[in-house]
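Descriptive analysis of the structure
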Amino acid sequence: MTDIFTYTIYISLLILLISLVSPKFLIRAYKTADNSIFIDFSKENKLFFNHLIALFLISIIVGFRYEVGVDWRAYKNVFDFIKNNSSFSYQDQYMEWGYFAINKIISVIGGSYELMFFTVAFLSWFFIFKSVPNILLPLVIYFLFVDEIFFWSMNGVRQFVAISIFIYATRFIISRNIIKYFVLIAFAAMFHFSVIFMIPFYFVPFGKLYNQKIWAVAFIVSFFFAQTPFLVDSLQIIYFEISKIIPFLSTYTRYLDTGSLEAQELVVGLGYIFRQLVAVVILFFSKSAIQKYPQTKIYFILYFLGAIFFNLFFMFQLIGRLNNYFLIFRSIVLAIVVYHLWEIRKYRNISILLVVSYFFLYLSQIYNSSNGCSPYNFSF
């Protein structure tokens, strides 16, 4: 839909965020002896006052929205019910403890549902900001917005918190700090239990798994095996068996019902084709990007897994929910690839093309009300 106010809100927010997190004053600290830029993906990312302002702005837009997001009213109703029923306890509902606790605390202190959305958004984006080096943060934020993640985050509220924490936790796979990784996964599980499937990835030998040709072949082959009944049935059986061992995972077995397993609608349009082309671009330039920034290998591999699983199971909600933990890395590897190509003069046009084409996709998402993002209204 065409709504000037909605376009103004979303475009202004994106411009302000990128302006605020621009790291020009930090570039000197990143430069090496040969005047190139060194990026350490394992080092703790330090946030400054400008980052806090950016976090505040995005949390205001997310927190004080009204009827924006497919599940907005459901989350609001849960908060109102908790607030109006003082005896309502964690055992009386299905949401995870961390999300319930935020709702309960804010309701007890007399806060509103806006404060609840604000708090959850601030927590989510705080971990996003802490997940990547400041020099790449503007590009990562840009692609999280234009690649539909921002709009989805106002719908998949609880899982977005868990995903954000997981992205941050991957730093400790790189630095090989198992305690911090497990603590963060446990914290993320307080908002969405599905994150526990990410526990084994600490033990994956990412350093040995990258082979451009093998991943390219796997990506191509995945098209031919899309929706194979044997694969889908096998995954369902595996999930049911795991849920017997880990009982609280049975919460998500409702997605395995015949009626809810399939996505409501699949439109293989320009957006789908565009993202497949983007995957090819990422695959093609991943080798040189990883050679320049070896620590990024984990991000590319996690994204490749997501791209392949998407091709195989794009019609199935349960697998799609789990795949969100992988596909979100597309925004990060896009930022790495664009930054890498910009440093190579002959490839700068490709870098610009990716940024510009994604912006038009962003405008299209607003027009089509992706994840119920339009029209945007404030709650006051």
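The structure displayed is predicted, hence computed values, not measured ones.

Remarks on the overall build of the protein chain
On a plain count of helices and strands, the protein chain comes out with 20 helices and 0 strands. Taken over 380 residues, the protein chain has a buried fraction of 51%. Long-range contacts, defined as pairs at least 24 residues apart, comprise 78% of the intrachain contacts of the protein chain with a sequence gap of at least 6. Split by element, the accessible area of the protein chain, about 17,700 Å² in all, is 68% carbon and sulfur.

Comments concerning the environment of Ser153
The topology assignment puts Ser153 in helix α8 (residues 149-153). Along the chain, Ser153 and Trp125 lie 28 residues apart, while their C-alpha atoms are 9.9 Å from each other. Once residues within four sequence positions are removed from consideration, Ser153 is found in contact with Trp125 and Phe160.

Digging into the packing of helix α1 (residues 4-21) against helix α20 (residues 348-367)
Look at α1 against α20: their axes get within 10 Å of each other, and the N-to-C directions meet at 145°. Classified by chirality, the crossing of α20 by α1 is right-handed. Contacts from Thr6, Tyr7, Tyr10, Ile11 and Leu14 of α1 reach α20 at Phe359, Tyr362, Leu363, Ile366 and Tyr367. Of the residues assigned to the contact of α1 with α20, the class counts are 9 nonpolar, 1 polar and no charged.

Section: the side chain of Ser59
Along the polypeptide, Ser59 turns up in helix α3 (residues 49-63). The exposure class assigned to Ser59 is buried, which follows from its relative accessible area of 0%. A polar contact of 2.7 Å, which involves the side chain of Ser59, links it to the backbone oxygen of Leu55. Among all residues touching Ser59, those that are not within four sequence positions of it are Phe64, Phe118, Ala121 and Phe122.

Here's the deal with the packing of helix α16 (residues 270-292) against α20
Following both chains from N to C, one finds α16 and α20 inclined at 155°, their axes separated by 12 Å at the closest point. Compared by their axis directions, α16 and α20 come out roughly antiparallel. Both α16 and α20 take part in a crossing whose hand is left-handed. Facing Gly271, Phe274, Arg275, Val278, Val281 and Phe285 of α16, the residues of α20 in contact are Ile350, Leu354, Ser357, Tyr358, Leu361 and Gln365. When its residues are assigned to classes, the contact of α16 with α20 shows 8 nonpolar, 3 polar and 1 charged.

Here's the deal with the pattern of salt bridges
Going through the model one piece at a time under the given rule, you end up with 7 salt bridges. A salt bridge links Lys76 to Asp80, with the shortest nitrogen-to-oxygen separation between them at 2.7 Å. Of the two residues, Lys76 and Asp80 both sit in helix α4 (residues 72-84), 4 residues apart, roughly one turn of that helix. In this structure, a network of salt bridges that share partners links the residues Asp147, Glu148, Arg275 and Arg330.

What about the environment of Ile196?
For Ile196, the position within the fold is in the loop between α11 (178-189) and α12 (206-209). A C-alpha to C-alpha distance of 9.8 Å links Ile196 and Ala162, two positions 34 residues apart in sequence.

Some thoughts on α3
Since the α-helix turns once every 3.6 residues, residues separated by three or four places project in the same direction. In this model α3 runs 20 Å from its N-terminal to its C-terminal C-alpha over 15 residues, within 8% of the 21 Å that 1.5 Å per residue would give. Buried within α3 we find Asn50, His51, Ala54, Leu55, Ile58, Ser59, Ile61, Val62 and Gly63. In the core, the buried residues of α3 are packed alongside α1, α6 (113-131), α7 (137-146) and α8.

Considering the confidence of the model for the protein chain
Detailed conclusions should not be drawn from predicted coordinates in areas where pLDDT is low. Confidence in the prediction of the protein chain, expressed as mean pLDDT, is 86, and 83% of residues score 70 or more. Counting contacts from residues 25-34, a segment whose pLDDT is below 50, to residues more than four positions away or on other chains yields 15 contacts. Within the model, the stretch residues 257-266 combines pLDDT values under 50 with 15 contacts to residues more than four positions away or in other chains.

Cut-offs used in this document
Residues numbered from 1 in each chain as written. Predicted model: local features only at pLDDT ≥ 70, side-chain atom pairs only at ≥ 80, totals over all residues. Heavy atoms only, no water. Helix = DSSP H or I, 4+ residues; strand = E, 2+ residues; numbered from the N terminus. Buried < 20%, exposed > 50% of the residue type's maximum accessible area, 1.4 Å probe, protein only. Contact = heavy atoms within 4.5 Å. Areas by Shrake-Rupley, 256 points an atom, 1.4 Å probe, with all protein chains shown as cover. Axes fitted to C-alpha atoms, helices over the stretch in contact; angles between N-to-C directions. Left-handed = near helix turned anticlockwise from the far one by under 90°. Nonpolar A, V, L, I, M, F, W, Y, C, P; charged D, E, K, R; others polar. Polar contact = N/O pair within 3.5 Å; in protein donor to acceptor, adjacent residues only side chain to side chain. Parallel < 35°, antiparallel > 145°, perpendicular 65-115°, else oblique. Salt bridge = Lys/Arg side-chain N within 4 Å of Asp/Glu carboxyl O. Expected span 1.5 Å × (residues − 1). pLDDT = per-residue confidence, 0-100.

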